[in-house]
Amino acid sequence: MSIVTIACLEMLSFGLAHLARAAGDAGERLVLLTGTEPLYLHELATLSPGSIEVVPVDTNDRQAVAEALKAVEDLRGLISSTDTWGVTGAELATELGLPGIDPAVIRLVRDKSQVRDLLHRKGLSPFAPYPVDDVAALDLDRLAAAVGLPAVVKDTAGTSSRNVWLVRDAEDLARLRREAAGATLFGRLFAEPFLAGPVYSAETVTWAGHTRLLGLSSRLMSPQPWFREDVTAFPVALPPDDVREIEKWLGDVLAVLGYTDRFAHIELAMTADGPRLIEVNPRIGGALVGESMCRALKINVYEGLVDLALGRRPRLLAAPLGGGPAVAFVLAYPDRAGELVAVHGLDHVARYPGRPEWYPTKAIGTDIAHVTDGRGYAGILLAEGPTAEIATHRAVAAAGALRVETRPAC
């Protein structure tokens, strides 16, 4: 079998090592195009030399990325499994004649307002988006009439719970106006009703319009009004009828979006009226969701990324899944913004059950400017258990031994 090359346009913070192993097992060469190599130092340190070739490039410069890809010898596939570079990757794959999803689908999915509008028109969402073109002029009564209170105002192309505001009253509205005035948006603002209920994420893979639900991960969120994700567990054991309802509903949602040949990480709230979509992310789940799936399902799910990049049916669609431990992880945030000084208590973690492991995400000395969204965690504490519930108990207990210390930045 001849060796072909797969390029990866950036990656999530974790998962690169699994991807490199999947490519190696398939006899393929993996090349990472990145402008942020330090982001992957933890992952790269776990790999043997030569497992992956790193090509430094300004990945925010589309032309530079295109030229770097054209210079890759025997390029047969391109992986672009992040929110930030998803559209660019899909477009470049098409331009270079490589397998991949229609870029128009990724552009659609990356616009949360357009997704909401389309699903509403197709009867798959009970409400439509409400555009917030001028946040300074946003009126509480008008917002209440349009979507009800509490309402959520968010960035159409946001990530990591960034630029998401809960509006319950005049005080929240004032905070929204104040913070949005200085926020860097990736898209534009819109409003929708707040979905009351526990949050889950469906992890799926789709090929030729057929979607398989790989499992559900839970989300324990910070207290309102923030939407910070604090604890995740996989796989969640919902009642079989609920799982069947969710799987059918997800298939309908993705079909309406024209979704093919891609992983998806679909956030939903289980409300009193059933599952309600929060958003569709065209990728494997972030943080340690991919790691959790690999352990719990006893398969390297990143093999699916390799198959999809080469334009072949993912083996995951028919592979037996399960048999591994359930996994939970806690995102460790400091109490206040500032320069990261230390993570205390790491030497105590091994005393806890569940084989707890620490995955650092920020180096000592890093300035942590935000502690109310996904930009602020310094690392992740992961633990295993026979069920997601027990894994959660173990991860939370072990994480309780940690303290992330910061000091005010000079």
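Everything here concerns the structure above.
Residues numbered from 1 in each chain as written. Predicted model: local features only at pLDDT ≥ 70, side-chain atom pairs only at ≥ 80, totals over all residues. Heavy atoms only, no water.

Student: An account of the overall build of the chain is requested, with residue identities and associated values reported.
Tutor: Along the backbone of the chain there are twelve helices and 19 strands. On C-alpha atoms alone, the chain measures out to a radius of gyration of 21 Å, which is about the 22 Å that the 2.2 N^0.38 rule sets for 410 residues. Considering only C-alpha atoms, the chain reaches an extent of 65 × 50 × 50 Å along its principal axes. A burial count over the chain gives 54% of its 410 residues as buried. When contacts within the chain are restricted to residue pairs at least 6 apart in sequence, those whose partners lie at least 24 apart make up 68%. Summed over its atoms, the accessible surface of the chain is roughly 17400 Å², and 52% of this surface lies on carbon and sulfur atoms. The average position of the 40 basic charges and that of the 51 acidic charges among the side chains of the chain differ by 2 Å. (Helix = DSSP H or I, 4+ residues; strand = E, 2+ residues; numbered from the N terminus. Rg over C-alpha atoms; globule rule 2.2 N^0.38 Å. Buried < 20%, exposed > 50% of the residue type's maximum accessible area, 1.4 Å probe, protein only. Contact = heavy atoms within 4.5 Å. Areas by Shrake-Rupley, 256 points an atom, 1.4 Å probe, with all protein chains shown as cover. Lys, Arg positive; Asp, Glu negative; His and termini not counted. Charge placed at Lys NZ, Arg CZ, Asp CG, Glu CD.)

Student: Provide a residue-level description of the environment of threonine 204, including the pertinent values.
Tutor: Relative to the helices and strands, threonine 204 is located in strand β9 (residues 199-207). Judged by its relative accessible area of 1%, threonine 204 falls in the buried class. Once the C-alpha coordinates of threonine 204 and glycine 251 are considered, the two residues, 47 residues apart in sequence, prove to be 9.5 Å apart. Not counting residues within four places of it along the chain, the set of residues in contact with threonine 204 comprises Thr211, Arg212, Leu213, Leu214, Leu250, Leu254, Arg262, Phe263, Ala264 and Ile266.

Student: Report on the pairing of strand β2 (residues 29-34), specifying residues and quantitative values.
Tutor: Most of β2 sits inside the fold, with five of its six residues counted as buried. In terms of strand pairing, strand β1 (residues 5-9) meets β2 through five bridges, oriented parallel. Bridging across to β2, threonine 5 finds its partner in arginine 29. Following the backbone out of β1, through helix α1 (residues 16-25) and into the adjacent parallel β2, one traces a crossover that is right-handed. (Pairing = 2+ DSSP bridges. Right-handed = clockwise from strand over helix to strand, strands pointing away.)

Student: Give me the lowdown on the side chain of glutamate 279, citing residues and values where you can.
Tutor: For glutamate 279, the location among the structural elements is in strand β13 (residues 274-281). A polar contact of 3.4 Å, which involves the side chain of glutamate 279, links it to the side chain of asparagine 281. Residue contacts for glutamate 279: discarding those within four places in its chain leaves Lys112, Lys154, His265, Ile266 and Glu267. (Polar contact = N/O pair within 3.5 Å; in protein donor to acceptor, adjacent residues only side chain to side chain.)

Student: So what's going on with helix α12 (residues 388-399)? Which residues, and what values?
Tutor: Every α-helix winds through 3.6 residues per turn, so residues three or four apart in the chain are directed the same way. Taking 1.5 Å of rise per residue, twelve residues should cover 16 Å, and α12 covers 16 Å from first to last C-alpha, within 8% of that figure. As for α12, its buried residues are in contact with β10 (210-221), β11 (229-234), β14 (326-332) and β18 (379-385). (Expected span 1.5 Å × (residues − 1).)

Student: So, the sheet that holds strand β17 (residues 367-368): which residues are in play, and what are the values?
Tutor: Taken together, the three strands give an open sheet; going across it, the order is β17-β15-β19, and neighbouring strands pair in antiparallel fashion. Edge strands, defined here as strands with exactly one partner in the open sheet, are β17 and β19 (403-407). Across two bridges, the pairing between strand β15 (residues 338-344) and β17 is antiparallel. Residue pairing for β17: glutamate 339 is matched across the bridge by aspartate 367.

Student: If you had to explain helix α3 (residues 62-70) to someone new, which residues and values would you point to?
Tutor: Looking only at α3, the buried set comprises Val65, Ala66, Ala68 and Leu69. Buried residues of α3, seen end-on, are gathered within an arc of 165 degrees and therefore sit on one face of the element. The inward-facing, buried residues of α3 contact β1, β2, β4 (75-79) and α4 (86-95). Of the residues that open α3, the one with a side-chain oxygen 3.2 Å from the backbone nitrogen of glutamine 63 is aspartate 61. (Arc of directions from axis to C-beta.)

Student: A description of unusual backbone geometry should follow, citing residues and the corresponding values.
Tutor: Among all residues except glycine, the phi angle is most often negative; among peptide bonds, the trans geometry is most common. The amide bond that connects leucine 149 to the next residue, proline 150, takes the cis arrangement and shows omega of 0 degrees. Position of proline 150 relative to the elements: it lies in the loop between α7 (140-147) and β6 (151-155). At serine 160, a position not held by glycine, the phi torsion is positive, near 60 degrees. Take serine 160: it is sitting in the loop between β6 and β7 (164-167). Phi is positive for aspartate 261, close to 55 degrees, though the residue is something other than glycine. With respect to the secondary-structure elements, aspartate 261 resides in the loop between α9 (240-256) and β12 (262-271). Judged by relative accessible area, aspartate 261 falls into the partly exposed class, the value being 23%.

Student: Describe the packing of aromatic side chains, listing the residues and the values that go with them.
Tutor: Summed over all chains, the structure comprises three aromatic pairs. Pairing tyrosine 333 with tyrosine 377 gives two aromatic rings, centres 5.8 Å apart and planes at 80 degrees, and the pair type is edge-to-face. Taken together, the residues tyrosine 333 in the loop between β14 and β15 and tyrosine 377 in the loop between β17 and β18 connect sequence positions 44 residues apart. For the pair shown, tyrosine 333 and tyrosine 377 are each scored as buried. Lying across the ring of tyrosine 333, arginine 228 places its NZ or CZ 3.8 Å from the centre. (Phe/Tyr/Trp six-rings, centres within 6.5 Å; stacked < 30°, edge-to-face > 60°. Lys NZ or Arg CZ within 6 Å of the ring centre and 35° of its normal.)

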